Amino acid sequence: LLTVALFCVTDFVSAQKVTGYTIKSKFTAEGTTDANFLSQLPSEVTELVLGNRSKQVMQIQEGVGIITLMNGDNKEYYQIYDIAGFGKGYVKMNEEELKEHSDKSKYDFNYTGEKKTIANYECEKVEVKVTDLETDDEETMVVYVSKDLNPTDAMNFVTFPGLVGYVLRAETHTEYEGDNVTLIQEVYEVTPNKKIKSVDFLLPSDAVDIMESPQWKSMLGMGGDDEEEED
């Protein structure tokens with residue numbers, strides 16, 4: 001009986017293990033060939049995913065990177081600026097703060113049923129309309145989601161609250177020097193990764209809270225040094 005019980009426990013624990021993934025994506029643009037615009041696009045984004053947690057690393061220019069940590073279980077979000085020679089500074093938003101921000105907008109999702117295979121995953125095309133409830137301005141975009149990578153809306157609480165599935169492609173629109181430009185971020189590689197652990201999603205120990213650092217606030221144009229002088 002003890003042996004049977006141990007086998008049952010082992011099977012249960014194995015069933016609870018969550019597969020981690022390393023996901024790589026890249027940015028492209030349609031509607032412009034301007035070298036200055038294109039040079040500002042991140043060349044590649046690497047993301048670690050484990051359950052409803054993710055860590056995204058993006059190099060926006062030489063010596064300047066942005067790391068985002070998202071926890072879809074407790075709805076916490078960190079954006080970390082990593083600047084060579086200066087260190088790491090972070091901004092944190094919790095569920096209440098994110099809800100206060102998202103409540104100013106209305107999100108409508110049209111799951112079209114149209115399919116597209118991206119990085120060997122079948123995705124569904126979703127038309128997104130975001131309405132600013134204060135100005136009634138509307139913004140439209142298109143995303144492709146996979147429910148195989150995540151079958152819930154837990155991973156989208158920051159960018160697309162309520163959207164079900166993991167986003168493998170996002171098409172957004174902007175205007176640049178009179179041209180209508182479509183920005184595209186698309187995943188090109190999804191690799192199962194058994195080495196990803198919960199510790200990979202912790203806030204770096206050397207990161208500084210930007211809102212409590214006059215130096216960081218000054219560098220980001222938030223008036224840190226001015227406040228010190230007034231004191």
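Right above here is the structure, for reference.
## Some words on the pattern of salt bridges
Evaluated as defined, the whole model comprises 8 salt bridges. Among the ionic pairs, Lys 99 bridges to Asp 103, the shortest N-O distance being 2.9 Å. Here Glu 138 and Lys 129 are joined by a salt bridge, their closest N and O atoms 4.0 Å apart. A relative accessible area of 32% means that Lys 129 is categorised as partly exposed. What emerges from the salt-bridge pattern is a single network uniting Arg 169, Glu 171 and Glu 186.

## Quick word on the layout of surface pockets
Within this model, the largest pocket holds a volume of roughly 980 Å³. As for the largest pocket, its lining consists of 32 residues, of which Phe 27, Gln 56, Thr 159, Phe 160 and Gln 185 are closest to the centre. Counting residues per element, the ones that place at least two in the lining of the largest pocket are strand S1 (20–30), strand S2 (45–50), strand S3 (53–61), strand S4 (64–71), strand S5 (76–83), strand S9 (138–146), strand S10 (166–176) and strand S11 (179–192). Of the residues contributing to the lining of the largest pocket, the split by class is 21 nonpolar, 8 polar and 3 charged. By volume, the second largest pocket amounts to about 250 Å³. In terms of lining residues, the second largest pocket is bounded by 14 residues, among which Lys 75, Lys 99, Ser 102, Phe 157 and Pro 161 are the most central. In terms of residue count, the dominant contributor to the lining of the second largest pocket is helix H3 (residues 95–102) (5 residues). The residue inventory of the lining of the second largest pocket, partitioned by class, reads 6 nonpolar, 4 polar and 4 charged.

## Looking at the sheet that holds S10
Strand order in the open sheet formed by 12 strands is S7-S8-S9-S10-S11-S1-S2-S3-S4-S5-S6-S12, with mixed pairing between adjacent strands. Two strands bound the open sheet, and with one partner strand each, they are strand S7 (105–118) and strand S12 (207–209). Neighbouring strand axes in the sheet, compared pairwise and without regard to direction, differ in orientation by 20 degrees on average. With 8 bridges connecting them, S3 and S4 associate as antiparallel partners.

Rules of the game
Residues numbered from 1 in each chain as written. Predicted model: local features only at pLDDT ≥ 70, side-chain atom pairs only at ≥ 80, totals over all residues. Heavy atoms only, no water. Salt bridge = Lys/Arg side-chain N within 4 Å of Asp/Glu carboxyl O. Buried < 20%, exposed > 50% of the residue type's maximum accessible area, 1.4 Å probe, protein only. 1 Å grid on protein atoms, 1.4 Å probe; cavity = no way out; pocket = protein on both sides within 12 Å on 5 of 7 lines; lining within 4 Å. Points joined across faces, edges and corners; volume = space filled by probe spheres on them. Helix = DSSP H or I, 4+ residues; strand = E, 2+ residues; numbered from the N terminus. Nonpolar A, V, L, I, M, F, W, Y, C, P; charged D, E, K, R; others polar. Pairing = 2+ DSSP bridges. Axes fitted to C-alpha atoms, helices over the stretch in contact; angles between N-to-C directions.

Purely geometric numbers; function is a separate question.
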